[in-house]
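# Observations on the three-dimensional arrangement
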Amino acid sequence: MVLHKNRSLDNKIDYTIITPVFFLIIIGLVSVYVAINHDYPHNLSKVMGQQVLWIIFGSIFAFTLMFFTTKLLWKLTPWLYLLGLGLMVLPLIFYSPQLVATTGSKNWIALGSVTLFQPSEFMKMSYILALARLTVWFKSKGHLPTLKNNWKLLGIYILVTIPVMIFLALQKDFGTALVFLAILAGVVLISGISWWIILPITLIFVLLITSFFVIFMLPQGKDLLFKLGMDGYQMNRISAWLTPFDFSESIAYQQTQSMISIASGGFFGKGFNHIDLSVPVRESDMIFTVIAENFGFLGASLLLILYLLLIYRMLKVTFASNNLFYTYISTGFIMMILFHIFENIGAAVGILPLTGIPLPFISQGGSSLISNLIGVGLILSMNYQNILTREKDDELHLRRSHKYY
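Quick caveat: nothing in here was measured; it's all calculated off a predicted structure.

About the cut-offs
Residues numbered from 1 in each chain as written. Predicted model: local features only at pLDDT ≥ 70, side-chain atom pairs only at ≥ 80, totals over all residues. Heavy atoms only, no water. Helix = DSSP H or I, 4+ residues; strand = E, 2+ residues; numbered from the N terminus. Rg over C-alpha atoms; globule rule 2.2 N^0.38 Å. Contact = heavy atoms within 4.5 Å. Areas by Shrake-Rupley, 256 points an atom, 1.4 Å probe, with all protein chains shown as cover. Lys, Arg positive; Asp, Glu negative; His and termini not counted. Charge placed at Lys NZ, Arg CZ, Asp CG, Glu CD. Axes fitted to C-alpha atoms, helices over the stretch in contact; angles between N-to-C directions. Parallel < 35°, antiparallel > 145°, perpendicular 65-115°, else oblique. Nonpolar A, V, L, I, M, F, W, Y, C, P; charged D, E, K, R; others polar. pLDDT = per-residue confidence, 0-100. Salt bridge = Lys/Arg side-chain N within 4 Å of Asp/Glu carboxyl O. Buried < 20%, exposed > 50% of the residue type's maximum accessible area, 1.4 Å probe, protein only. Phe/Tyr/Trp six-rings, centres within 6.5 Å; stacked < 30°, edge-to-face > 60°. Lys NZ or Arg CZ within 6 Å of the ring centre and 35° of its normal. 1 Å grid on protein atoms, 1.4 Å probe; cavity = no way out; pocket = protein on both sides within 12 Å on 5 of 7 lines; lining within 4 Å. Points joined across faces, edges and corners; volume = space filled by probe spheres on them. Left-handed = near helix turned anticlockwise from the far one by under 90°.

## Brief notes about the overall build of the protein chain
A tally of helices and strands in the protein chain yields 15 helices and 2 strands. In summary, the protein chain has a C-alpha radius of gyration of 23 Å against a globular reference of 22 Å for 405 residues, a match within 12%. Dimensions of the protein chain, computed from C-alpha atoms along their principal axes, come out at roughly 85 × 50 × 40 Å. Considering only residue pairs separated by 6 or more positions, the protein chain has 70% of its internal contacts joining residues 24 or more positions apart. Here the protein chain has roughly 20700 Å² of accessible surface; of this, 71% comes from carbon and sulfur atoms. Charge-centre separation for the protein chain: the mean point of 26 positive side chains lies 16 Å from the mean point of 18 negative side chains.

Structure below.
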């Protein structure tokens, strides 16, 4: 009987999702080990111990979430959203002045010299759940897909997004704000909102970005942007991105060192634990440089293949689901992961500006890792509920069939 139950549970766990996540986490542990061993060898055992603990906690959360029913998730969503907003207040009160001076952001909760966690990482998952719930709720009211109703749904999305953006603006965390916009874009695209609304908004957005860069490049442009409220560290990051080797000894040191480090790895890499270049914060924001320098183009390609495999499997589970709530949750999480990968690796190779966004399952740090594993737990829950529904339907069909014999 016990064996039958275990087998039944085993059939409902999607190992094709767990497997790439497992290998990504192993690559992350190896990369963090190399980075810390070279940069902070005296903290090696402490950092690695913390990373393993975060993996264990995140895995427990993921496994627990797998058994959550749709009904339970639906009920919890508003409270999780409110809890997320409440947590985002804390970094504005409890922060490290030294960390703020280094990063320019108040996005971490710190007590004295102890940095605890980043609430915006938790908020990402709460936000995804909130968007999913509101979309299903709106569509369940029987609204016809008219332009007026499309604007109403978009207005609901904006109302949910504004409080998050206000807190991120107060925290001066522009990079994380972009992640939330990517999540929103993904949900909007599959929500059925008309392209007559999406296209003009997209064009306005592109026009604003283009106008910003035109102003930035003008002789007095930076002074104007500074007067309008843009921080100096943000302007430095953009300058470092546009012409990195002009500032290779100052504001673009991290960016140029990252690019040289990646290039130096060649095709096969220099070998495990072999690092020649100094790259600031390589254990988190610049972890891709460790993989590229140690294992070269081959290792970097393997990493991207694992990400592609994970995203493919998540999409397959999403398409197999008849539950709209889970479909929107999955879409939001996939967009979040995609944007993290694109921005982190893009910044490391120099095609995008640095924003401090971690590489999923790889970068050192508990907040991002646990948040990502929670997202995996939600996808596993979707698969679990899909199989459970199919088994119930098959059982019902079998019972009906027996009635006629």
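Moving on, there is more to tell.
## Focus: the packing of helix α9 (residues 195-217) against helix α11 (residues 232-242)
Two elements in contact, α9 and α11, have axes whose closest approach is 12 Å; the angle formed by their N-to-C orientations is 85 degrees. Comparing their axes, α11 and α9 come out roughly perpendicular. For the pair formed by α9 and α11, the contact residues are Phe212, Phe213, Phe216 and Met217 on the first element and Met235, Ile238, Ser239, Trp241 and Leu242 on the second. For the contact of α9 with α11, a count of residues per class yields 8 nonpolar, 1 polar and no charged.

## Comments concerning the confidence of the model for the protein chain
Mean pLDDT over the protein chain stands at 88; residues scoring 70 or higher make up 94%. Put simply, helix α1 (residues 2-12) is where the protein chain has its lowest mean pLDDT, 57, and helix α2 (residues 15-39) is where it has its highest, 95. The model gives residues 1-6 a pLDDT under 50, and that stretch makes 0 contacts with residues more than four places away or in other chains.

## What about the pattern of salt bridges?
Going through the model one piece at a time under the given rule, you end up with 5 salt bridges. A salt bridge links Asp14 to Arg313, with the nearest nitrogen and oxygen atoms 3.1 Å apart. A residue pair is termed long-range when its members are at least 10 positions apart, and Asp14 in the loop between α1 and α2 and Arg313 in helix α13 (residues 287-320) qualify at 299 residues. Under the relative-accessibility criterion, Asp14 is labelled buried at 6%. The partner of Arg282 in a salt bridge is Asp39, and the shortest N-O contact between them spans 2.9 Å. Of the two residues, Arg282 sits in the loop between α12 (253-264) and α13 while Asp39 sits in helix α2, which places them 243 residues apart along the sequence.

## Description of the packing of aromatic side chains
For the coordinates displayed, the defined rule picks out 12 aromatic pairs. Taking 5.3 Å as the distance between ring centres and 75 degrees as the angle between the ring planes, the aromatic pair formed by Phe67 and Tyr384 counts as edge-to-face. Of this pair, Phe67 sits in the loop between α3 (44-66) and α4 (70-93) while Tyr384 sits in helix α15 (residues 366-403), and the two are 317 residues apart along the sequence. Residue classification places Phe67 among the partly exposed positions, given a relative accessible area of 33%. Taken together, a centroid distance of 6.0 Å and an interplanar angle of 35 degrees make the contact between Phe212 and Phe216 tilted. Separated by 4 residues within a single helix, Phe212 and Phe216 lie in helix α9, roughly one turn from each other. Judged by its relative accessible area of 22%, Phe212 falls in the partly exposed class. Assessed through its relative accessible area of 4%, Phe216 is described here as buried. Following the ring pairs from residue to residue traces out a cluster consisting of Phe212, Phe213, Phe216 and Trp241. Over the face of the ring belonging to Tyr95 we find Lys106, whose NZ or CZ atom lies 4.2 Å from the ring centre.

## A few points about unusual backbone geometry
At Lys172, a position not held by glycine, the phi torsion is positive, near 60 degrees. Take Lys172: it is sitting in the loop between α7 (147-171) and α8 (174-190). Unlike most non-glycine residues, Val281 shows phi in positive territory, near 55 degrees. By relative accessible area, Val281 is classed as partly exposed at 33%.

## Some words on the environment of Ser59
Residue position: Ser59 is located in helix α3. With 91 residues separating them in the primary sequence, Ser59 and Asn150 have C-alpha atoms 38 Å apart.

## Digging into the side chain of Ser330
Relative to the helices and strands, Ser330 resides in helix α14 (residues 324-349). By relative accessible area, Ser330 is classed as buried at 0%.

## Topic: the layout of surface pockets
Within this model, the second largest pocket holds a volume of roughly 290 Å³. What lines the second largest pocket is a set of 16 residues, and nearest its centre among them are Ile18, Val21, Ser59, Ala62 and Leu373. The set of elements that each furnish at least two residues to the lining of the second largest pocket consists of α2, α3 and α15. Per element, the largest residue contribution to the lining of the second largest pocket is 7 residues, and it comes from α2.

## Thoughts on the packing of α12 against α13
A packed helix pair is summarised by two numbers, namely the angle formed by the two axes and the spacing between the axes. Interaxial distance between α12 and α13 falls to 7 Å at its minimum, and their mutual angle equals 25 degrees. Classified by the interaxial angle, the pair formed by α12 and α13 is roughly parallel. Relative to α13, the crossing made by α12 is left-handed. Across the interface between the two elements, Ser258, Ser261, Ile262 and Ser264 from α12 touch Phe288, Thr289, Ala292 and Glu293 from α13. The residue inventory of the contact of α12 with α13, partitioned by class, reads 3 nonpolar, 4 polar and 1 charged.

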